[in-house]
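What the coordinates show
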Amino acid sequence: MYGMELVREGQNRYRLKRSGNMRVDGFVYVNEYLLPLVRRDKSLEQLANAASLPGVVERVCGMPDIHEGFGLPIGGVMATAADGVISAGAVGMDINCGVRLLATNIMAKELKIPFLRRLIERIEEYVPTGVGKKGKHKAITGEIFEEVVHTGSRGIVKRGYGRPEDLGRTEEEGCLSGADLGAVSGEAYKRGAVQLGTLGGGNHFIELQVVEEVYDPAAGKLFGLEPGVLTVMIHTGSRGFGHQICVDYSKSLLPAARKYGIELPDRGLACAPADSKEGRDYYAAMACAVNFAFANRQLITHDVRCAFGDIFGCSPEELGLDLIYDVAHNIAKWEVHGGRKVLVHRKGATRALPPGHPGNPAVYRRTGHPVLIPGSMGTASYVLTGTGAAAETFYSANHGAGRTLSRTAAMKEISREQFEASMGGVLYNSRNYKELLDEAPGAYKDIDQVVETLAAINLTRKVARLLPLAVIKGKD
DNA sequence: ATGTTC
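Residues numbered from 1 in each chain as written. Chains lettered and ligands numbered in written order. Predicted model: local features only at pLDDT ≥ 70, side-chain atom pairs only at ≥ 80, totals over all residues. Heavy atoms only, no water.

Right, let's get into the sheet that holds strand β12 (residues 330–337). One open sheet holds the seven strands; their spatial order is β1-β2-β3-β4-β5-β13-β12, and the pairing between them is mixed. The outermost strands of the open sheet, each flanked by one partner alone, are β1 (6–8) and β12. Recorded for the sheet is a direction-independent mean angle of 25° between the axes of neighbouring strands. As paired strands, strand β4 (residues 59–67) and strand β5 (residues 74–81) are joined by three bridges and run antiparallel to one another. Bridge pairing in β5 links His 67 to Ile 74. (Pairing = 2+ DSSP bridges. Helix = DSSP H or I, 4+ residues; strand = E, 2+ residues; numbered from the N terminus. Axes fitted to C-alpha atoms, helices over the stretch in contact; angles between N-to-C directions.)

As a further point, take the UniProt feature "binding site: Mn(2+) 2" (unreviewed entry) in chain A. Per the UniProt annotation, the sites labelled "binding site: Mn(2+) 2" (unreviewed entry) are His 235 and His 329. A stretch of 95 residues holds the annotated residues, and the largest C-alpha distance among them is 10.1 Å, short enough that they meet in one place. Note that His 235 resides in strand β9 (residues 229–236). The class for His 235 is buried, based on a relative accessible area of 5%. Those residues in contact with His 235, other than ones at most four positions away along the chain, are Cys 97, Gly 98, Val 99, Leu 199, Asn 203, His 204, Phe 205 and Pro 374. A distance of 3.2 Å separates the side chain of His 235 from the backbone oxygen of Asn 203, its partner in a polar contact. Locating His 329 in the fold gives a position in the loop between β11 (320–328) and β12. Excluding anything up to four places from it in sequence, His 329 contacts Cys 97, Gly 98, Val 99, Arg 346, Lys 347, Gly 348, Ala 349, Thr 350, Leu 372, Pro 374 and His 399. (UniProt positions renumbered as here; feature names shortened; annotations may be inferred. Buried < 20%, exposed > 50% of the residue type's maximum accessible area, 1.4 Å probe, protein only. Contact = heavy atoms within 4.5 Å. Polar contact = N/O pair within 3.5 Å; in protein donor to acceptor, adjacent residues only side chain to side chain.)

The subject of this paragraph is the UniProt feature "binding site: Mn(2+) 1" (unreviewed entry) in chain A. Under the present numbering, the feature "binding site: Mn(2+) 1" (unreviewed entry) in UniProt falls on Asp 94 and His 204. Maximum C-alpha separation among the annotated residues is 10.8 Å over a sequence range of 111 residues, consistent with a single clustered spot. Tracing the sequence through the fold places Asp 94 in the loop between β6 (85–87) and β7 (98–107). For Asp 94, the contacting residues outside a window of four places in its chain are His 204, Gly 237, Ser 238, Arg 239 and Asn 330. Mapped onto the elements of the fold, His 204 is located in the loop between α7 (186–192) and β8 (205–214). The contact partners of His 204, leaving out residues within four places of it in the chain, are Asp 94, Cys 97, Leu 199, His 235, Thr 236, Gly 237, Ile 472, Lys 473 and Gly 474. Looking at His 204, its side chain comes within polar contact range of the side chain of Asp 94, at 2.9 Å.

Glancing now at the pattern of salt bridges. For the structure on display, the rule yields 30 salt bridges. Of the charged contacts in the structure, one is a salt bridge between Arg 297 and Asp 326, with a shortest N-O distance of 2.9 Å. Placement of the pair is Arg 297 in helix α10 (residues 277–312) and Asp 326 in strand β11, with a sequence separation of 29 residues. Its relative accessible area of 0% is what places Arg 297 among the buried residues. For Asp 326, a relative accessible area of 0% corresponds to the buried category. We note a salt bridge from Arg 346 to Glu 335, for which the minimum N-O separation is 3.0 Å. Linking Arg 346 in strand β13 (residues 340–347) with Glu 335 in strand β12, this pair joins segments that are 11 residues apart in sequence. Residue Arg 346 shares its accessibility class with Glu 335, and that shared class is buried. (Salt bridge = Lys/Arg side-chain N within 4 Å of Asp/Glu carboxyl O.)

Bringing the side chain of Thr 350 into the picture now. Looking at the element boundaries, Thr 350 is found in strand β14 (residues 349–351). A polar contact of 3.3 Å, which involves the side chain of Thr 350, links it to the side chain of His 329. Looking at Thr 350, its side chain comes within polar contact range of the main-chain oxygen of Asn 398, at 2.8 Å. Residues within four places of Thr 350 in sequence aside, it is in contact with Val 327, Ala 328, His 329, Val 371, Leu 372, Ile 373, Tyr 395, Ser 396, Ala 397, Asn 398 and His 399.

Written out as structure tokens, the structure is:
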């Protein structure tokens, strides 16, 4: 359909030149290791498709962890003007899939392997994991769910599941405004109302980690990250609730696009003008799922703190377990870029505001907020900060390692020996390695390469590298 | 990602 011509624009940056119906160019950020990977699937074609949508501004961006998705590639950023479109497929199935990181005041080397195992077993007693699981908190009723989709983390913290300071350490303070449950289908309501406080499956996890290296001691100190410290990373999203909202609106935005005379390059990019009834409805429903996901991670944080308190035999407060930050990886948000208000769709991309930007929480104004990048199970994760130079990506960074094998390919191609070797002794909760093969480190790109690609050209700054000790994955 | 082939 398009030539997919990539022109090198200096180190690690390639321009996807405008052709066909594209309204803007694309920037794709890859190094020598990642460049061949980006051509193995339909990522570039999907990026070009997004660049053809009405109202798209400046450029579409492909992060180093880019891979083929539904509509927009995962690792894609698209910003649209106030008179442009909003697209459900450009946010993704798992709305506000995201990550939060807790810092303890415990030195990881003090913990023996049997103790770590007891810790993850106790966390699993609190947090249901796996596809289709329902929440355990009897007090979290349908009524609370209805409030939470409008108030996000706030509705959870005010009931005692968290600390007031957690809110200021969450993107959007844990609540995206404009949510309206009236825009959500009965089906989505039914699936979501019972899933608060559940981890889910796929790439979601709770991981115990140790700070291996700190690159920026000043930022590290502010974040509570010093070498040897035990951290907890929580990666989950809006579960069946966000999934159903994406499915519902990907369908209903098809006739809407026709109605407004929008030529769709791909059904996966079904969209409507952001300022239309259909577009506003999607935004209102998406915001419900965003708030659900913030609340979900908040409730799980509470459960993790309880589990630590149980196993250490003290109050969780004595162990630190402070929230460092919580970031969204799949979201569309109104932001000001280049002096105008645009709707930034980030799908598998992390907001990365620069130091001094007023959108940072007060506590992180000087450094820029922490940018949390989970690696695959068994491999390192990173904490970064944004830079002023990243204005060209609408202040966005990559969101993880990014897949290199599909789930089915990974199940078929990775042997038990390869799996165990790649895990390097990291504890995991599953009794059967086969349940985890689709998430094996070998199914993902090299996280160090992905992170270095943006850091090398000053689009991010590395703060710390974290190594996994024990991981809880969703399983049946 | 997902009541994973509603």
